[in-house]
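# Structure assessment
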Amino acid sequence: MSKKFVTDFTVVENKKLNSTNFLIKIKSDLILPEIKPGQFVNVEIKDASEIFLRRPFSIFEVDYKANTLSMIIKILGRGSKKLTQIEAGDSISLVYPLGKSFTYPKKNDRILLIGGGSGVAPMLFLAKESGLPIENVDILLGARTSEDHVDVHEYSNYANLHYASEDGSIGEKGFVTQHSVFTTNLKAYNKIYACGPDGMMRAIAKEAKTAEVFCEVSLENLMACGFGVCLCCIEPTNQGNQCVCTDGPVFNINELKW
Amino acid sequence: MSKKFVTDFTVVENKKLNSTNFLIKIKSDLILPEIKPGQFVNVEIKDASEIFLRRPFSIFEVDYKANTLSMIIKILGRGSKKLTQIEAGDSISLVYPLGKSFTYPKKNDRILLIGGGSGVAPMLFLAKESGLPIENVDILLGARTSEDHVDVHEYSNYANLHYASEDGSIGEKGFVTQHSVFTTNLKAYNKIYACGPDGMMRAIAKEAKTAEVFCEVSLENLMACGFGVCLCCIEPTNQGNQCVCTDGPVFNINELKW
Amino acid sequence: MVNLKVKLHNLEFKNPVTLASGTCGFAREIAEFYDPGLLGGHFLKGTTLKNRDGNAYPRMAETPSGMLNAVGLQNKGIDYFIDNIYPEIKDYDTQLIINVNGSTVEDYIALTEKVNELDNIQAIELNISCPNVKEGGMAFGVTCPGAEMVTREVRKVYNKTMIVKLSPNVTDITEIAKAVEGQGADSVSLVNTFLAMAIDAESRTPKLSTITGGLSGPAIKPIALRMVWQVANAVKIPVVGIGGIMNAADAIEFMLAGASVIQVGTAIFTDPMIPLKIVEGIEDYMKRHNMQSVNEIIGGLQL
Amino acid sequence: MVNLKVKLHNLEFKNPVTLASGTCGFAREIAEFYDPGLLGGHFLKGTTLKNRDGNAYPRMAETPSGMLNAVGLQNKGIDYFIDNIYPEIKDYDTQLIINVNGSTVEDYIALTEKVNELDNIQAIELNISCPNVKEGGMAFGVTCPGAEMVTREVRKVYNKTMIVKLSPNVTDITEIAKAVEGQGADSVSLVNTFLAMAIDAESRTPKLSTITGGLSGPAIKPIALRMVWQVANAVKIPVVGIGGIMNAADAIEFMLAGASVIQVGTAIFTDPMIPLKIVEGIEDYMKRHNMQSVNEIIGGLQL
Ligand SMILES: Cc1cc2nc3c(=O)[nH]c(=O)nc-3n(C[C@H](O)[C@H](O)[C@H](O)COP(=O)(O)OP(=O)(O)OC[C@H]3O[C@@H](n4cnc5c(N)ncnc54)[C@H](O)[C@@H]3O)c2cc1C
Ligand SMILES: Cc1cc2nc3c(=O)[nH]c(=O)nc-3n(C[C@H](O)[C@H](O)[C@H](O)COP(=O)(O)OP(=O)(O)OC[C@H]3O[C@@H](n4cnc5c(N)ncnc54)[C@H](O)[C@@H]3O)c2cc1C
Ligand SMILES: Cc1cc2nc3c(=O)[nH]c(=O)nc-3n(C[C@H](O)[C@H](O)[C@H](O)COP(=O)(O)O)c2cc1C
Ligand SMILES: Cc1cc2nc3c(=O)[nH]c(=O)nc-3n(C[C@H](O)[C@H](O)[C@H](O)COP(=O)(O)O)c2cc1C
Ligand code: FES
Ligand code: FES
């Protein structure tokens, strides 16, 4: 049993990263529980006439001293749009921490982290938390164009950064699975972690399976509750239908019926 | 047939008058149609998760040169509360102008205007528009306490101001119908106009009937559409059930089944 | 140019967007905002044989994403309509459909016979589903025999387009739809309002004078959409979709589910311009999806 | 101190606030937020005789003031419950009510017989109203003979408190309520979800894998409230009120309409703390209205 909370946070900062992505940092008056990469929060969208349910977002950064945590929000529809209009000082209600984290790498592991779209958040969090020397950590970020790319140069302290974009406007041209760090020698990695759109996850999983490399992906199935009671977010696995919100969102690809 | 519009206005000013009343001034890019005292607007309450319908408010002031109009909003429930949080620059949608105005006084008429609570708005508008010399216009404003009173000293240019409050904290103590201008010589007035809570309207109507003075009251029945199609806002009259939004909101008391 | 024309039996609409009975008055009230001819049609306020005062105030209550009404068919009667309203509206360049309501089958017949004389009214909507009147209305609409009887008898005296308006307050709406189809209805429109209730907790009293009333608005949309889809799959006659339509996407959903024409009801209280925005939105959708005729949307749900 | 205790047949609840089946898991998930013993009871996730995978993804869609679900009774079966879940939850200081679901009457009987052995489960809720399973569920709940049969047969093997959960997808819910009362039900709970549908206009596909699903949340509240009021006036057994309850005022409205106990369902997805706030809100209401016992609210609507 993992303790969960419904807590009002205060927005510290809402920073526009590019045309569709925002970094929202929020602060609690209460001491934060331990939070690990891959876990998420379920956010109430206030004052929005057509929105009924909360919206789930991955945790991007945690600062236990300042009692803050951050999310990277990409505008997809009405809820995410409304959320990105939030201002410093506003109150925001979270149900958290939710879900299971990625399996941490072992000492000396070489790991590849792949983030697509809003999937960058947990990957950067994991890179920071991995505790591995920078040369053991490759991070590959994919986006449509340089415009969609979240600038994360400060993460060059934790990982080697690689970029892929569909139009070639930043990094190598093409999908992440076409990028040289991915195509050259996948077997060189002990572990692959990925978060992003469904199609990307499946493509990565396929290659990782072929290469027989340990691979965990984080899924973004539609959710109603986020804490395991509604059974709406299910994903077929070897153990039957499992809840992405409590059994996931991180799954080992060998567990999935892909 | 009277032409009606659905128009987006921009908030020019939202001024807190006292603990529960706000004066909201809004501006249109389009030329305003003619608007008369007693007419009202139906306002969309944006970004409020539990509000579905518009809310009707009387028009308080019109400035045809500046293309602005104003309302006095009293916080009653969720919609009025939300509305009073609006800020200068915000957009606000109006369906307007709605309803029929008061019958204008004749030259040389002596008139008594009585406003209770948020009913002050159309009374002040009418005082200004009446075109009568100040000595012919008495205006009597009633409220619970001085705290609830809307300060309208600038209207001393148009009318003699009188106050009644339930606790005596401003003007005479008691209801408006207990105030000396009301009890002394009602017959001295050619016309009485009133706007306010139902109970107050009925008490005024009763005395006006006895004194056989012309009297119009403005009603605030619950509305869905505001333009005569839903038939929800009805009031029983000598002509059967009439719509407060189109046949009113102003009614001659002799028409009402009170 | 995309083609927005649709047909209901042999009634042609210039576009599939119409207004629901009881929410657009007699189209005159809409004319105060814009030309009623911009819309496919107007289903006029429910009319009865004799003048009706309707129910006592209060008649409405706001609810989550919707509202209750208990108007109870207030209207001045068919003769008043014919003498005083029809002459004023008859030349609007749009379909005017009269919505008739009876307490007995004889009422429906008498009303229909009078409507028959009105050249510019080419269709009738039989309301057998009003939840707000004691005398009849919904009583006919919630059983097959009741619905069949009204439909059969009116059909005998009416040769123009006859649309029967169905109640959602039933176990299986397809049974009622099939029953009225069997008796010669040219089309069915659905849904009317859901019987519902609101209470003021503080005063411990019902919010409506009639205790219960009819729920409309977006709250009911998912149920109405399901019913339209079921009925469109159960009958061969065209279906008019109604229930909580607020925008073009909603209208298109009803058409994908099988509605040939849609009615906008409560939405108009929140913004009288919505029907025009829906016409534009459908045009825009058709362009984006490379459709020539609006008929390509109707029943186009992919399973 | 106000007294919040209520009874349903001979089942005592410390307060009238319980959680609805399928929205509170097996109470363990609530225990991750707060002590389940703070609430009157927990109606556990619908359980069947055998393991069920439920329906395919996607299973939910957000709608105006509500949501659709098409879970389809995913659960690991009664034996798994007895062996693995019951031992963990049985000592929660609250009423645990099991929600049983069958495709046949035999299923219901077999399930009930197993539940009989569980000392800390003093009541059963017979779900004859799930709109999301092909095999049965709602099929029993929408006709009087079907509802009667299940109730009668289960009654024969069950002596503790038997609550029958009714479907709102019927013409007259009081008929079904009276039918199950006649066969020995100790209480009725209502409503389950409304059969409904959502479509994605852009992709022209249904939003649920099953096309239709069950509508819940505040959107349905006015209809559910009407049904609770009708049923409370039609039967003598106590009524459990369900449908879109989001706050204390909603809960009190259902109680004024005649519900002895209320279930909070979908609301918990928007905020797991809502049930506790409702308990507090009821207490506060009772103080403001000078009530000693919560029973003074029940059926207290003034007409
Ligand atoms: C565990 C988890 C972690 C997530 N982390 C992040 C994150 O860190 N940053 C981020 O930007 N987003 C993240 N998401 C996705 C985020 O929850 C959705 O973008 C958001 O809920 C969309 O809400 P909306 O109101 O903007 O879109 P809506 O208006 O509700 O929907 C717009 C369209 O997008 C589709 N859609 C909505 N949600 C999803 C979804 N989850 N998957 C696929 N399609 C969807 C809808 O069906 C609809 O067609 C995460 C999701 C999950 C489940
Ligand atoms: C023609 C007209 C002109 C008006 N002019 C003004 C004005 O100039 N200034 C102003 O402040 N208000 C005015 N009102 C009243 C105003 O419309 C209501 O106060 C407002 O709609 C309340 O909305 P709410 O969301 O705040 O209240 P809600 O949360 O909807 O309701 C709160 C409580 O108040 C009750 N209530 C709501 N509206 C009314 C009403 N109209 N009559 C009686 N009880 C009601 C509700 O039943 C409920 O119990 C006018 C109303 C009408 C019909
Ligand atoms: C205030 C009001 C009055 C109505 N009057 C009638 C009526 O006279 N005849 C009728 O057939 N339907 C009437 N209806 C039902 C509507 O035509 C429509 O079927 C229903 O409101 C559902 O659509 P909506 O959700 O778009 O409003 C009325 C609805 C409302 C809200
Ligand atoms: C996701 C979900 C799952 C449900 N599962 C069940 C179930 O297993 N058994 C049951 O009797 N009702 C089930 N229900 C119905 C609820 O118990 C309740 O009757 C309904 O949701 C209406 O209440 P609400 O509006 O408060 O949610 C479920 C509802 C939801 C939303
Ligand atoms: S979202 Fe409810 S169980 Fe996962
Ligand atoms: S509010 Fe609709 S007719 Fe007056």
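Check the entry above for the structure.
Now for a quick tour of the structure. Counting restarts for each chain: residues are numbered from 1 in the order of the written sequence. Chain A is the first chain written and ligand 1 is the first ligand written, with later ones labelled in order. Local features in a predicted model are, by the rule used here, given only for residues with pLDDT of at least 70; side-chain atom pairs are given and counted only at 80 or more, and totals for whole chains, interfaces and linings are based on all residues. Water and hydrogen atoms play no part in the side-chain values, which are based on all heavy atoms of the structure.

### Describing the site of ligand 3
Only heavy atoms are used to decide nearness, and a residue is near a molecule or strand if one of them lies within 4 Å of it. Close contacts around ligand 3 come from 23 residues, with Ser21(C), Lys165(C), Gly217(C), Gly244(C) and Thr266(C) the closest. Nearby residues place ligand 3 at the junction of chains B and C. Taking Lys165(C), its side chain carries an N or O atom lying 2.7 Å from an oxygen atom of ligand 3. The Shrake-Rupley method, run with a 1.4 Å probe sphere, supplies the accessible areas, and residue values consider only the shown protein chains as cover. In isolation ligand 3 has 610 Å² of accessible area, and contact with the protein removes 98% of it. Put simply, Ala, Val, Leu, Ile, Met, Phe, Trp, Tyr, Cys and Pro go in the nonpolar bin, Asp, Glu, Lys and Arg in the charged bin, and everything else, Gly too, in the polar bin. Its residues placed into classes, the shell around ligand 3 shows 6 nonpolar, 15 polar and 2 charged. Pairs of N or O atoms are called polar contacts if they sit within 3.5 Å, as long as, within protein, a hydrogen donor faces a hydrogen acceptor (for residues adjacent in sequence, only side-chain-to-side-chain pairs).

### What to know about the sheet that holds strand β7 (residues 95-100) of chain D
By definition, the strands of a sheet pair up through backbone hydrogen bonds, in either a parallel or an antiparallel sense. What the 8 strands build is a closed barrel, ordered β3-β4-β7-β8-β9-β10-β15-β16 (chain D); its pairing is parallel. Put simply, the sheet's adjacent strands are angled 25° from each other on average, direction ignored. When DSSP locates at least two bridges between a pair of strands, those strands are taken to pair. To qualify as a helix, a DSSP run of H or I must reach at least 4 residues; to qualify as a strand, a run of E must reach at least 2; elements of each kind are numbered from the N terminus. Orientation is described by lines fitted to C-alpha atoms, with helices fitted over the stretch in contact, and by angles between N-to-C directions that extend from 0 to 180 degrees.

### With respect to the side chain of Thr151(D)
Residues and elements named next belong to chain D. Inspection of the secondary structure puts threonine 151 in helix α5 (residues 144-157). Its relative accessible area of 1% is what places threonine 151 among the buried residues. A contact between two residues is defined here by any heavy atoms of the two lying within 4.5 Å. When near neighbours in sequence (up to four residues on either side) are disregarded, threonine 151 contacts Leu126, Met162, Val164, Val180, Gln183 and Ala185. Burial classification: accessible surface area is computed with a 1.4 Å probe over protein chains only, and a residue below 20% of its type maximum counts as buried, one above 50% as exposed, and the rest as partly exposed.

### Some points on the interface of chain D and chain A
Each partner contributes to the interface: chain D provides 35 residues, whereas chain A provides 28 residues. Once two parts are put together, the accessible area they lose, assessed with a 1.4 Å probe and summed over both, is termed the buried area. Regarding the contact of chain D and chain A, the summed buried area is about 2,600 Å², with carbon and sulfur atoms giving 63% of it. It is Glu32(D), Tyr57(D) and Glu62(D) that lose the most area in chain D upon contact with chain A, and together they represent 28% of the buried surface on that side. By definition here, a salt bridge exists when the distance from a side-chain nitrogen of Lys or Arg to a carboxyl oxygen of Asp or Glu is within 4 Å. Our count for the chain D to chain A interface comes out at 3 salt bridges. Ionic pairing is found between Arg78(A) and Glu62(D), a salt bridge with its closest N-O pair at 3.4 Å. In this structure, the connection of chain D to chain A is made through 13 residue pairs in polar contact (both at pLDDT 80 or more). Contributions of two or more residues to the side of chain D that touches chain A are made by α1 (28-31), β5 (60-63), β6 (66-69) and α9 (267-270) of chain D. A per-element tally of the side of chain D that touches chain A places α1(D) first, with 4 residues. Among the residues making up the side of chain D that touches chain A, the classes are represented as 15 nonpolar, 12 polar and 8 charged.

### What about the site of ligand 2?
All names here are of chain B. Near ligand 2 you find 19 residues, and of these Arg55, Pro56, Lys74, Gly79 and Ser80 are the closest. Glycine 77 is positioned such that a nitrogen or oxygen atom in its backbone is 2.8 Å from an oxygen atom of ligand 2. Residue serine 118 places a side-chain N or O atom 3.4 Å away from a nitrogen atom belonging to ligand 2. Expressed as a share of its isolated accessible area of 890 Å², the protein-covered part of ligand 2 is 77%. Within the residue set of the shell around ligand 2, elements represented by two or more residues are β4 (55-58), β6 (68-74) and α1 (78-83). The biggest single contributor to the shell around ligand 2 is β4, with 4 residues. Taken together, the residues of the shell around ligand 2 break down into 9 nonpolar, 6 polar and 4 charged.

Fair warning: the whole summary comes from geometry, so function is off the table for now.
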